[in-house]
Amino acid sequence: MAGDEPVLSPDQKKPGSPRAARVGAAVTLLLLLSCLIGNHKGRIEDIWLVVCAGGLILAVVGDWVLRRNGLR
């Protein structure tokens, strides 16, 4: 450890803006769902897109519930 570097606890090193993460998740969700419209014939791509979008929705809703209850 360098001598000039301050000692910080892990909770002081937050990775970024939570609001930017939520906006990024919403934009990614819209992009995933917009990919359902296309010229592909199989449904496997649609299933993967919906499953990934659902996982992203669950993550955002879980984050919202944790923040609302003060557990984050």
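Residues numbered from 1 in each chain as written. Predicted model: local features only at pLDDT ≥ 70, side-chain atom pairs only at ≥ 80, totals over all residues. Heavy atoms only, no water.

**As for helix α2 (residues 44-68)**
Helix length check: α2 (25 residues) gives 36 Å between terminal C-alpha atoms against 36 Å at 1.5 Å per residue, within 8%. For α2, the set of buried residues is Asp-46, Leu-49, Ala-53 and Asp-63. Taken together, the buried residues of α2 touch α1 (18-34). Downstream of α2 by one or two residues, Gly-70 has phi in the positive range, about 75 degrees. (Helix = DSSP H or I, 4+ residues; strand = E, 2+ residues; numbered from the N terminus. Expected span 1.5 Å × (residues − 1). Buried < 20%, exposed > 50% of the residue type's maximum accessible area, 1.4 Å probe, protein only. Contact = heavy atoms within 4.5 Å.)

**Structural notes on the environment of Ile-57**
Structurally, the position occupied by Ile-57 is in helix α2. Along the primary structure Ile-57 and Leu-8 are separated by 49 residues, whereas in three dimensions their C-alpha atoms are 33 Å apart.

**A look at a nonpolar patch on the surface**
Among the surface-exposed residues, Ile-44, Ile-47, Trp-48 and Val-51 lie close enough to one another that they form a single nonpolar patch of about 460 Å² accessible area. Tracing the backbone through its elements, the reader meets Trp-48 in helix α2. The class of Trp-48 is exposed, set by a relative accessible area of 58%. (Patch = residues over 30% accessible without salt bridge, like charges linked within 9 Å, V, L, I, M, F, W, Y side chains within 5 Å. Areas by Shrake-Rupley, 256 points an atom, 1.4 Å probe, with all protein chains shown as cover. Salt bridge = Lys/Arg side-chain N within 4 Å of Asp/Glu carboxyl O.)

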